[in-house]
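# Close look at the chain arrangement
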Amino acid sequence: MNSLSGVSILSKKSIFAVLLMILAVFVPSLTKAEVLIIVNAKSPLKQISSEDVMNIFLGKKLTWEDEKSTEVKFVLMPEAECHEEFVKKFTKKSAAQFKRYWNNMVFTGKGMMPKSINSAEEMIRFVSETDGAIGYVAPGAPLDGVAVMDIVD
Amino acid sequence: MKKKIIVQLVFGLFILTESFAFNAGAVDIHGFISQGYMKSDEYDYFVGMKDGSFQINELGLNFSNKLTKRLRLGVQFFARDLGNIGNDEIVVDWAYADYYFWEWLGLRAGRMKAPLGLYNESRDVDAVRTGVFLPQSVYFDILRDSLLATNGICMYGDIGMGVAGSLSYQFQAGANNVTNDSGTAQGVIALGGISEITSIEANQSLSGRVKWLTPLSGLTLSVSNISLDMEIEGETDFTVPFALEYKPFATTVYSMEYIWNDLVITHEYERMTIDYDLFVPAISYRESGREKLLGWYSGVAYRFCDWFEGGVAYSEFYDKADDRDGSASDRLKYQAFQKEIIFSLRFDINPNWIVKFEDHYIDGNNQVMIQYDDSYDVRRWNLWLAKVTFMF
């Protein structure tokens, strides 16, 4: 009887351990702050759909839907912590798959390698100084000269 | 000599390149160079493989420039060697102008890779996949030259469908450039009784792919097709001229790719139909018929960490789809199929260097070319591959 109880306790412990492991995998991504999509402050567009963000960063949408059909200039920050979260959320790919996607585009002639920069400061400077620019930062970064886009789906 | 020059050029660029890419003003320059080693314990699947061979390499160098917000130009030079195919001759891999009207419509003109399956366009780019060889059941290297690229025009685009996901399409028309020493020519020689191919024309090629990004995140389904007319001339073993027409040489690939975090599951199924007409004028001999080929594979790849991923795939190929067990012909049963289990390991040493190892455990020898190896007496065999790639 005792041994059976022992098995039962062990089994409960095991289940608890598995649950903890599952939480360890998923909780960090749940508690991570969301990525902010930023554009040049002069942009007349204040909201964007997730699908448009995906198409922009996959090189499928090259112009904005404004009066001048301004050229989209998107920029990546592959070394930033929020990069993985950004590509996973908006392009449905891991960072490695996203990089492979762009290698595929470049070596089949379907696209040119996106511009990459190293820090949130550089990202904000580039977006604020460039017409049609779009990028992403983690919350908390100073947002001078840029506007945060509302995501509408 | 050409090979030496381009190798020096590329290595010169590598030295100049400190970052991921090289930018000469507005022109983006990217490139890759791969060198592999292949060894089989039984058959010369490609020439030299049985003894072990380094004749497996690729080299590409491309230049792209965005002239306006809608217009882009690019060209890639490419050389490769695979046994006695390619021999590192430099060719224009792709070169086209791309004009974007809207998200749902763009036009291209020039030489473009053909959209067949998930990987035909990138089949020479080692860096974009886990394995060394793509599964030969669907991406048979002998047929690569016929199906690789089209000189012509293309329309493409992406159409959003709201909750139903989105459709991505690409349609091309033009001519395919197939040379007398191509894998396709080797494939014709493998039919038997043919000593030399003197001319291959593939002047009418239509290809297209529709890809559906389904509402289930990460799941993509696609169907693609290439249909081309080929006119082949050559000589039989008795130096008698012959003319062979493939009208059409058509193949359809159904593809599924599912990406979940670092896991990629792939399945592709191909049906190929070849309507042929053989004419030997000297003896007024004519033979017509239809060949139906079948290939499919399923694969799983997982990226364990930033620098390591592994993959396993199972693949089957039949050169006669209606005779999969070989019972309807007088050849050995295991000459009717080729079934493979493929294990691949990929190590990303850094963002520019990749090392891969691969093992193919093979049952049957349906894809072994008779002119490469005519000893069909072993059913189960292995081939091993190792490859190093540098890209920027």
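Notes on the structure in this doc start here. Fair warning: this is a prediction, and the values are worked out from it, not measured in the lab. (Residues numbered from 1 in each chain as written. Chains lettered and ligands numbered in written order. Predicted model: local features only at pLDDT ≥ 70, side-chain atom pairs only at ≥ 80, totals over all residues. Heavy atoms only, no water.)

## Describing the overall build of chain A
On a plain count of helices and strands, chain A comes out with five helices and seven strands. When the helices and strands of chain A are read in sequence order from the N terminus, they spell out α-β-β-α-β-α-α-β-α-β-β-β. Burial status across chain A gives 44% buried among its 153 residues. Counting contacts in chain A only where the partners sit at least 6 residues apart, residues at least 24 apart contribute 69% of the total. (Helix = DSSP H or I, 4+ residues; strand = E, 2+ residues; numbered from the N terminus. Buried < 20%, exposed > 50% of the residue type's maximum accessible area, 1.4 Å probe, protein only. Contact = heavy atoms within 4.5 Å.)

## Some points on helix α2 (residues 50-57) of chain A
Residue and element names in this part refer to chain A. Burial analysis of α2 places six of its eight residues in the buried class, which makes it a mostly covered element. Those residues of α2 not exposed but buried are D52, V53, M54, N55, I56 and F57. The first or second residue beyond α2 is G59, which carries a positive phi of 75°.

## Side note on the sheet that holds strand β3 (residues 73-76) of chain A
All names here are of chain A. Here five strands make up an open sheet; going across it, the order is β4-β3-β5-β1-β6 and the pairing mixed. Where the open sheet ends on each side, the last strands, each with one partner, are β4 (115-116) and β6 (146-148). When β3 meets strand β5 (residues 133-137), the two strands line up parallel, connected through two bridges. Bridged to F74 within β5 is I134. Here helix α3 (residues 81-91) sits on the sheet and contacts β1 (36-40) and β5; the angle it forms with β5, its principal contact strand, is near 115°. (Pairing = 2+ DSSP bridges. Axes fitted to C-alpha atoms, helices over the stretch in contact; angles between N-to-C directions.)

## What about a nonpolar patch on the surface?
On the surface, B:W102, B:W104, B:I159, B:M161, B:W212 and B:L221 cluster together to form a nonpolar patch covering roughly 560 Å² of accessible area. Mapped onto the elements of the fold, B:W104 is located in the loop between β5 (91-102) and β6 (105-113). (Patch = residues over 30% accessible without salt bridge, like charges linked within 9 Å, V, L, I, M, F, W, Y side chains within 5 Å. Areas by Shrake-Rupley, 256 points an atom, 1.4 Å probe, with all protein chains shown as cover. Salt bridge = Lys/Arg side-chain N within 4 Å of Asp/Glu carboxyl O.)

## Overview of the interface of chain A and chain B
With 29 residues of chain A at the interface, the matching set in chain B holds 44 residues. Overall, the association of chain A and chain B removes approximately 3100 Å² of surface from exposure, summing both partners, and the carbon and sulfur fraction of that is 52%. Considering only the surface of chain A that becomes buried against chain B, A:R100, A:F107 and A:M112 emerge as the three largest contributors, covering 25% of it. Linking chain A with chain B are five salt bridges. Here B:E309 makes a salt bridge to A:R100, at a shortest N to O gap of 2.7 Å. For the side of chain A that touches chain B, the element with the highest residue contribution is helix α4 (residues 95-108) of chain A, accounting for nine residues. (Buried area = accessible area lost by both parts, 1.4 Å probe.)

## Remarks on the environment of B:A149
Assignment of secondary structure puts B:A149 in strand β7 (residues 149-160). Sequence spacing of B:A149 and B:N177 is 28 residues, and the spatial spacing of their C-alpha atoms is 7.6 Å.

## With respect to the side chain of B:D81
Residue and element names in this part refer to chain B. Among the structural elements, D81 can be located in strand β4 (residues 71-82). On the basis of relative accessible area, D81 is assigned to the buried category, the value being 8%. Reaching out from D81, the side chain makes a polar contact with the backbone nitrogen of N87 at a distance of 3.4 Å. Leaving out residues up to four positions away in the same chain, D81 has contacts with Q55, I56, N57, N87 and D88. (Polar contact = N/O pair within 3.5 Å; in protein donor to acceptor, adjacent residues only side chain to side chain.)

## Here's the deal with unusual backbone geometry
Of the consecutive residues B:K247 and B:P248, the connecting peptide bond is found in the cis state with omega at 0°. Residue placement: B:P248 occurs in strand β11 (residues 241-260). Non-glycine residue A:K92 carries a positive phi angle of around 65°. You can see A:K92 is positioned in the loop between α3 and α4.

## Considerations on the pattern of salt bridges
All names here are of chain B. Summed over all chains, the structure comprises 31 salt bridges over all chains. Among the ionic pairs, R144 bridges to D124, the shortest N-O distance being 2.8 Å. One end of the pair, R144, is in helix α2 (residues 144-147); the other, D124, is in the loop between β6 and α2, and 20 residues separate them in sequence. The class for R144 is buried, based on a relative accessible area of 5%. For D124, a relative accessible area of 4% gives the class buried. D126 is the salt-bridge partner of K387, the closest N and O atoms lying 3.6 Å from each other. With K387 in strand β17 (residues 380-391) and D126 in the loop between β6 and α2, the pair connects residues that are 261 residues apart, well separated along the chain. Judged by its relative accessible area of 1%, D126 falls in the buried class.

## Some thoughts on the nonpolar core
Within soluble globular proteins, side chains that are nonpolar generally end up buried alongside one another. Counting residues in hydrophobic clusters, the biggest one holds 54 residues, and the most contacted among them are B:F46, B:F133, B:I197, B:Y246 and B:F249. Not counting residues up to four positions away in its chain, the partners in contact with B:Y246 are B:V188, B:L191, B:L228, B:D229, B:M230, B:I232, B:I274, B:D275 and B:Y276. Within the second largest apolar cluster, 40 residues are counted, among which are A:M105, A:V106, A:I117 and A:V146. (Core = buried A, V, L, I, M, F, W, Y, C linked by side-chain atoms within 4.5 Å.)

## Observations regarding the pairing of β7(B)
Residues and elements named next belong to chain B. One ladder, built from eight bridges, connects β6 with β7; its direction is antiparallel. The residue of β7 that forms the bridge with L107 is M155. Looking at chain direction, β7 and strand β8 (residues 166-176) are connected through 10 bridges and run antiparallel. When the bridges of β8 are listed, Y156 appears paired with Q170.

## Things to note about the environment of B:V47
Residues and elements named next belong to chain B. Looking at the element boundaries, V47 is found in the loop between β2 (27-40) and β3 (56-66). Relative accessible area serves as the criterion here: at 30%, V47 is assigned to the partly exposed category. Between the C-alpha atom of V47 and that of Y372, which follows or precedes it by 325 residues, the distance is 6.1 Å. Those residues in contact with V47 that sit more than four places away from it in its chain are M38, S53, G83, N84 and Y372.

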